Amino acid sequence: SEEDESEAAVYPAMTKCGVRICFYANIDFKEELDAICAAGAEGVGLFRSENLFTDASKVPSESLQERYYFQMADAIAPLPLDIRLFDIGGDKLMYSPVKEPNPNLGWRGVRILLDLPEIIEAQITAILKANLHGNIDILVPMIMSLDEIAAVRAILDRLYLEISQKSGLQIEKPGFGAMIEVPAAVELIEEITRVVDFISIGTNDLTQYTLAVDRNNVIVQDLFEKFHPALIRQLYRIISTAQKNRCKAIICGDMGSDPLALPFLLGCGLRHFSVVSSDIAKLKSLVGRYTLEETEGLARECLMLTTAEAIKDRLERCRSMH
Ligand code: PEP
Ligand code: MG
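Just so it is clear, the model here is predicted, and its values are computed rather than measured.

1. Here we look at the overall build of the protein
Regarding its fold elements, the protein presents 14 helices and nine strands. Relative to the globule expectation of 20 Å for 322 residues, the C-alpha radius of gyration of the protein, 19 Å, shows essentially globular dimensions. Seen along its three principal axes, the alpha-carbon backbone of the protein occupies a region of about 60 × 45 × 35 Å. For the protein, buried positions account for 43% of its 322 residues. A sequence separation of at least 24 residues applies to 71% of the contacts in the protein between residues at least 6 apart.

2. Looking at the UniProt feature "binding site: Mg(2+)" (unreviewed entry) in the protein
Mapped onto this numbering, the UniProt entry gives "binding site: Mg(2+)" (unreviewed entry) at Glu181 and Asp205. Separation in sequence by 25 residues is not matched in space for these annotated residues, since their most distant C-alpha atoms are only 5.3 Å apart. Along the chain, Glu181 falls in the loop between strand E6 (175–180) and helix H7 (183–187). Judged by the 26 C-beta atoms lying within 10 Å of it, Glu181 is buried. If sequence neighbours within four positions are ignored, Glu181 has contacts with Met142, Gly202, Asp205 and Leu206. On the secondary structure map, Asp205 appears in helix H9 (residues 203–211).

3. Some thoughts on unusual backbone geometry
Pro78 follows Ala77 through a cis peptide bond whose omega is 5°. Following the sequence through the fold, Pro78 ends up in the loop between helix H3 (62–76) and strand E4 (81–84). Backbone geometry at Met142 places phi at a positive 65°, although glycine is not the residue there. Within the secondary structure, Met142 sits in the loop between strand E5 (136–140) and helix H6 (146–167). One non-glycine residue, Arg246, lies in positive phi territory at about 55°. For Arg246, the location among the structural elements is in the loop between helix H10 (229–244) and strand E8 (248–251). Under the C-beta neighbour-count criterion, Arg246 is labelled exposed, with 8 such atoms within 10 Å.

4. Some details on the UniProt feature "binding site: phosphoenolpyruvate" (unreviewed entry) in the protein
When the UniProt feature table is mapped to this numbering, "binding site: phosphoenolpyruvate" (unreviewed entry) covers Arg48, Arg84, Asn204, Asp205 and Arg215. Note on placement: Asn204 falls in helix H9. Residues contacting Asn204, with those up to four places away along its chain left out, are Arg215, Gly253 and Asp254. Residue class for Asp205 comes out buried when judged on the 24 C-beta atoms lying within 10 Å of it. Leaving out residues up to four positions away in the same chain, Asp205 has contacts with Glu181 and Val182.

5. Topic: the site of ligand 1
Lining the immediate surroundings of ligand 1 are Arg48, Asp87, Glu181, Gly202, Thr203, Asn204, Asp205, Cys252 and Gly253. With three residues, H9 is the largest single contributor of residues to the shell around ligand 1. Each residue belonging to the shell around ligand 1 can be placed in one class, and the counts come to one nonpolar, four polar and four charged.

6. Some remarks on the nonpolar core
By size, the foremost hydrophobic cluster in this structure holds 88 residues, and its most contacted members are Ala178 and Ile180. The element that contributes the greatest number of residues to this core is H10, accounting for seven residues. For Ile180, the contacting residues outside a window of four places in its chain are Ala185, Val186, Ile189, Ile199, Ser200, Ile201, Gly202, Leu206 and Ile238.

7. A look at the packing of helix H5 (residues 117–130) against H6
Running from N to C, H5 and H6 point in directions that differ by 50°, and their axes come no closer than 10 Å. Taken together, the axis directions place H5 and H6 in an arrangement best described as oblique. Helix-helix and strand crossings are classified by hand; for H5 and H6 the assignment is right-handed. Side by side, H5 and H6 meet where Ile120, Glu121, Ile124, Thr125, Leu128 and Lys129 of the first sit next to Ile155, Leu156, Leu159, Tyr160 and Ile163 of the second. The residue makeup of the contact of H5 with H6, split by class, is eight nonpolar, one polar and two charged.

8. What about the packing of H10 against helix H13 (residues 292–304)?
Orientation of H10 relative to H13, taken along the N-to-C sense of each, is 135°, at an axis distance of 9 Å. Compared by their axis directions, H10 and H13 come out oblique. For the pair H10 and H13, the crossing hand works out as left-handed. Along its contact with H10, which presents Ile232, Arg233 and Tyr236, the element H13 presents Ala299, Cys302 and Leu303. Grouping the constituent residues of the contact of H10 with H13 by class yields five nonpolar, no polar and one charged.

9. Re H10
The terminal C-alpha atoms of H10, which comprises 16 residues, lie 22 Å apart, in line with the 22 Å expected from a rise of 1.5 Å per residue. Among the residues trailing H10, Arg246 stands out with phi positive, at a value near 55°.

Thresholds, definitions, all that
Residues numbered from 1 in each chain as written. Chains lettered and ligands numbered in written order. Predicted model: local features only at pLDDT ≥ 70, side-chain atom pairs only at ≥ 80, totals over all residues. Helix = DSSP H or I, 4+ residues; strand = E, 2+ residues; numbered from the N terminus. Rg over C-alpha atoms; globule rule 2.2 N^0.38 Å. Buried ≥ 20, exposed ≤ 12 C-beta atoms within 10 Å, placed from the backbone. Contact = placed C-beta atoms within 7 Å. UniProt positions renumbered as here; feature names shortened; annotations may be inferred. Near = placed C-beta within 6 Å. Nonpolar A, V, L, I, M, F, W, Y, C, P; charged D, E, K, R; others polar. Core = buried A, V, L, I, M, F, W, Y, C linked by C-beta atoms within 7 Å. Axes fitted to C-alpha atoms, helices over the stretch in contact; angles between N-to-C directions. Parallel < 35°, antiparallel > 145°, perpendicular 65-115°, else oblique. Left-handed = near helix turned anticlockwise from the far one by under 90°. Expected span 1.5 Å × (residues − 1).

Here's what the structure looks like:
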């Protein structure tokens, strides 16, 4: 009932067998912070910082960013704030330096950031200066290689040294996370989870790039199927590899909000969800219906299935039993 849900919102979520499951919120603007705290979020799992672009031709200044990030971090400290570096380009038109015939396969996210270093340097500098409570993490969008991770890490390390030396302050280094949303990153998941502090699974783009189905094209919208066996197997591989390598895994794509997917994701070993805050209460109350043992059996069964229909039928059957 609604009452159960609003009560569930303020308490931490726990499986029927007593394991804590953590729920963060996805946000686009700092004005959402009050609402996500009221909704029971345990931090911000995804701040889409590209929303700071109000003018497609103008990059937000370092000082504006520093103020904005500090206000956010200060408002929710000691809870964590994961700031995703600007995911500009592609279908996200906040900033489009060029016109491209196929923007989703073009200049987007970390690719732009590494090609135009003044943008990423200003953003990381602002984050370092804003991290006075030590609760900010950075998340890098569209990672497809270990080289990109190393290149961003090198910029972070260099700026960290420069800023700590110049200010003489003990600055907290933000945690370093990679978005897993390109199939190449899934192939490299063993190595990626050994070199980052956490991963965040972007099922929206991972579905788009795995199935070669544009996430915004209505002509192919029926083919945009997040329960496709290819996605189900990728999720299992990503989450179980992260767990083996003791790398924190968060899901931040829309699949994390789907009650049908919930027991499957728990069964893969997922313990951290980042969702729109209006879904938190509902998901927290659902978590309490499952034991991990049964979800693990369910996940193994889903791996054997070869069609999205069969997977959804199996998950529906699980839901109707709870
Ligand atoms: C995703 O791709 O699933 C994701 C969370 O990022 P965005 O929707 O902002 O691309
Ligand atoms: Mg994405």
